[in-house]
Amino acid sequence: MEKRHLRDIRETLRDEMYIRDKIGRILHQGPKTIPELAEALNMPPHEVVMFVMAMRRFSMVEEMPKSKREDYFHYKLAGQTSYAKNQS
């Protein structure tokens, strides 16, 4: 079984405001999925999920509707007009 290094939750939370701002700048360019955000931030997806879900809870980001069940949700800044789902 592969053992991966997990950062202490205190380390992750300490970075919250900085990462939240970076996520906001990335989403200002258009909606992104968790894997796309993780790649742009150079962070593990499980950490990005924690930040995005916190932002979602406080109505900073919104989920966009999915076209297929197996697709990832795209997240956008709350109140931001819709962009094309995948601009890349």
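Provided above is the structure to which this section pertains.
As a starting point, this report considers the structure included with it. The shown structure was predicted, so the numbers you read here are calculated from the model rather than taken from an experiment.

Cut-offs applied
Residues numbered from 1 in each chain as written. Predicted model: local features only at pLDDT ≥ 70, side-chain atom pairs only at ≥ 80, totals over all residues. Heavy atoms only, no water. Helix = DSSP H or I, 4+ residues; strand = E, 2+ residues; numbered from the N terminus. Contact = heavy atoms within 4.5 Å. Areas by Shrake-Rupley, 256 points an atom, 1.4 Å probe, with all protein chains shown as cover. Patch = residues over 30% accessible without salt bridge, like charges linked within 9 Å, V, L, I, M, F, W, Y side chains within 5 Å. Salt bridge = Lys/Arg side-chain N within 4 Å of Asp/Glu carboxyl O. Phe/Tyr/Trp six-rings, centres within 6.5 Å; stacked < 30°, edge-to-face > 60°. Lys NZ or Arg CZ within 6 Å of the ring centre and 35° of its normal. Axes fitted to C-alpha atoms, helices over the stretch in contact; angles between N-to-C directions. Parallel < 35°, antiparallel > 145°, perpendicular 65-115°, else oblique. Left-handed = near helix turned anticlockwise from the far one by under 90°. Nonpolar A, V, L, I, M, F, W, Y, C, P; charged D, E, K, R; others polar. Buried < 20%, exposed > 50% of the residue type's maximum accessible area, 1.4 Å probe, protein only. 1 Å grid on protein atoms, 1.4 Å probe; cavity = no way out; pocket = protein on both sides within 12 Å on 5 of 7 lines; lining within 4 Å. Points joined across faces, edges and corners; volume = space filled by probe spheres on them.

1. With respect to the overall build of the protein chain
If you tally the helices and strands in the protein chain, you get four helices and two strands. Secondary structure elements of the protein chain, listed N to C terminal, follow the sequence α-α-α-α-β-β. Put simply, 45% of the contacts in the protein chain that link residues at least 6 apart link residues at least 24 apart. Accessible surface, the protein chain: about 6600 Å² in total, of which carbon and sulfur atoms supply 52%.

2. Observations concerning a nonpolar patch on the surface
A cluster of nonpolar residues, Ile9, Leu13 and Met50, forms a patch on the protein surface that exposes about 250 Å² of accessible area. When you line up the elements, Met50 lands in helix H4 (residues 45–57).

3. Section: the packing of aromatic side chains
What describes a pair of aromatic rings is the distance from one ring centre to the other and the angle between the planes of the rings. With the rule as written, the count across this model stands at zero aromatic pairs. For Lys66, the ring lying beneath its charged end belongs to Phe73, and the centroid distance is 4.6 Å.

4. Digging into the packing of helix H2 (residues 16–28) against helix H3 (residues 34–41)
Where H2 contacts H3, the axes come no closer than 11 Å and their chain directions differ by 115 degrees. Viewed along their axes, H2 and H3 adopt a mutual orientation that is roughly perpendicular. The chirality of how H2 crosses H3 is right-handed. When H2 is examined against H3, the residues Ile19, Lys22, Ile23, Ile26 and Leu27 are found in contact with a partner set consisting of Leu37, Ala40 and Leu41. For the contact of H2 with H3, the per-class residue count stands at seven nonpolar, no polar and one charged.

5. Here we look at the pattern of salt bridges
What the rule picks out here adds up to two salt bridges. In this structure, the salt-bridge partner of Arg56 is Glu63, at a minimum N-O distance of 3.1 Å. For Glu63, a relative accessible area of 31% gives the class partly exposed. Across the salt bridge formed by Glu62 and Lys76, the nearest N and O atoms sit 3.6 Å from each other. Separated by 14 residues along the polypeptide, Glu62 in strand S1 (residues 61–63) and Lys76 in strand S2 (residues 75–77) bring together distant segments of the chain. Residue classification places Lys76 among the buried residues on the basis of a relative accessible area of 11%.

6. Topic: empty space enclosed by the protein
Applying the stated rule across the entire model yields one cavity of 30 Å³ or more. Approximately 40 Å³ is the volume found for the largest cavity. The set of elements that each furnish at least two residues to the lining of the largest cavity consists of H2 and H4. It is H4 that contributes the most residues to the lining of the largest cavity, three residues altogether. Counted by class, the lining of the largest cavity contains five nonpolar, no polar and two charged residues.

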